[in-house]
Amino acid sequence: GAVVSQHPSWVICKSGTSVKIECRSLDFQATTMFWYRQFPKQSLMLMATSNEGSKATYEQGVEKDKFLINHASLTLSTLTVTSAHPEDSSFYICSAAGGPEAFFGQGTRLTVV
Amino acid sequence: SQQGEEDPQALSIQEGENATMNCSYKTSINNLQWYRQNSGRGLVHLILIRSNEREKHSGRLRVTLDTSKKSSSLLITASRAADTASYFCATAPPSGYSTLTFGKGTMLLVSP
């Protein structure tokens, strides 16, 4: 199957700093990328959907100024958590789709201290 | 928003036993997928069943889909300790089926 690489796997940052998470499709062109958030022992919640070259569509309740998404190329999307706070600590997972099926990255565990 | 609801929320069994997890959803779908997630790790795609299919097998996995009841079940036969994980169902809408909506998941513990 297609490979989606997410980087970093885990990151610890201080409150108030910004963190960037990358999601790359390694062997296919991803016209659409999805960002999910998962709290401990809970399910995945879709945060936003991004199409290459256009602005991301955010789900209700997700602050677009806090979670900046950029999908500048067909193989790369980035999620930047700005001015991170401890409540932003979570597991973030991306998925990428070049057609009907989406493939998931390995996830990024963010801890804000 | 969450569409799928899995039950049970948690399931504890012995190795060799079968494990059955159920998923219910609310709206029309193109397909339903089951994923496994080991603690703190990414998702592993297990199986996809389309809305016009009723049953699908893959190794020790058996998935059923009842669109009239808007429900699906995942059966893992002859479970192993390595099957310990959380299992999620995810539904894809009729229109854009790369957009998945995940259920809350079932945490499966298989004891040796």
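Refer to the structure printed above.
What you see is a predicted model, and the numbers here were worked out from it, not measured in a lab.

Colleague: What exactly am I supposed to notice about unusual backbone geometry here?
Modeller: Leaving glycine aside, a negative phi is the common case for residues, and trans is the common case for peptide bonds. All names here are of chain A. Here His7 and Pro8 are connected by a cis peptide whose omega angle stands at 0°. Within the element layout of this structure, Pro8 appears in the loop between strand 1 (4-7) and strand 2 (10-13). The phi angle at Ser83 is positive, at roughly 45°, despite the residue not being glycine. With relative accessibility at 35%, the residue Ser83 sits in the partly exposed group.

Colleague: For this particular structure, what's the right way to read the pairing of strand 9 (residues 90-97) of chain A?
Modeller: Looking along a regular strand, one sees the side chains alternate between the two faces of the sheet. All names here are of chain A. Of all 8 residues making up strand 9, 8 are buried, and the element is well covered by its neighbours. The alternating pattern of strand 9 places Ser90, Tyr92, Cys94 and Ala96 on one face and Phe91, Ile93, Ser95 and Ala97 on the opposite face, and all of these are buried. Connecting strand 9 to the antiparallel partner strand 10 (residues 102-104) that follows it, the hairpin turn spans 4 residues.

Colleague: When you look at the nonpolar core in this model, what are you seeing that I'm missing?
Modeller: Note on soluble globular proteins: their nonpolar side chains tend to be buried together. The biggest cluster of nonpolar side chains holds 23 residues, and the ones touching the most others in it are Trp35, Leu79, Tyr92 and Leu110 of chain A. Of all the secondary-structure elements, those providing two or more residues to this core are strand 2, strand 3 (19-25), strand 4 (32-38), strand 5 (44-51), strand 7 (67-73), strand 8 (76-81), strand 9 and strand 11 (108-112) of chain A. The residues touching Leu79 of chain A, leaving out its near neighbours within four places in the chain, are Val19, Lys20, Ile21, Trp35, Phe67, Leu68, Ile69 and Tyr92 of chain A. Listed in part, the 21 residues of the second largest apolar core include Ala19, Ala85, Tyr87 and Leu108 of chain B.

Definitions and limits used
Every chain is numbered on its own, with residues counted from 1 as its sequence reads. Lettering for chains starts from A, numbering for ligands starts from 1, and both go in the order in which the items are written. For this predicted model, a pLDDT threshold of at least 70 governs which residues receive local features, and a threshold of 80 or more governs which side-chain atom pairs are given and counted, while totals over whole chains, interfaces and linings are taken from all residues. Only heavy atoms go into the side-chain values, all of them from the structure, while hydrogens and water stay out. Here a helix means four or more residues in a row that DSSP labels H or I, a strand means two or more in a row labelled E, and each is numbered from the N terminus. Burial classification: accessible surface area is computed with a 1.4 Å probe over protein chains only, and a residue below 20% of its type maximum counts as buried, one above 50% as exposed, and the rest as partly exposed. Note: two strands are recorded as paired if DSSP finds a minimum of 2 bridges between them. Residues enter a nonpolar core if they are buried and are Ala, Val, Leu, Ile, Met, Phe, Trp, Tyr or Cys, with the set joined through side-chain atoms within 4.5 Å. Two residues form a contact once any of their heavy atoms are found within 4.5 Å.

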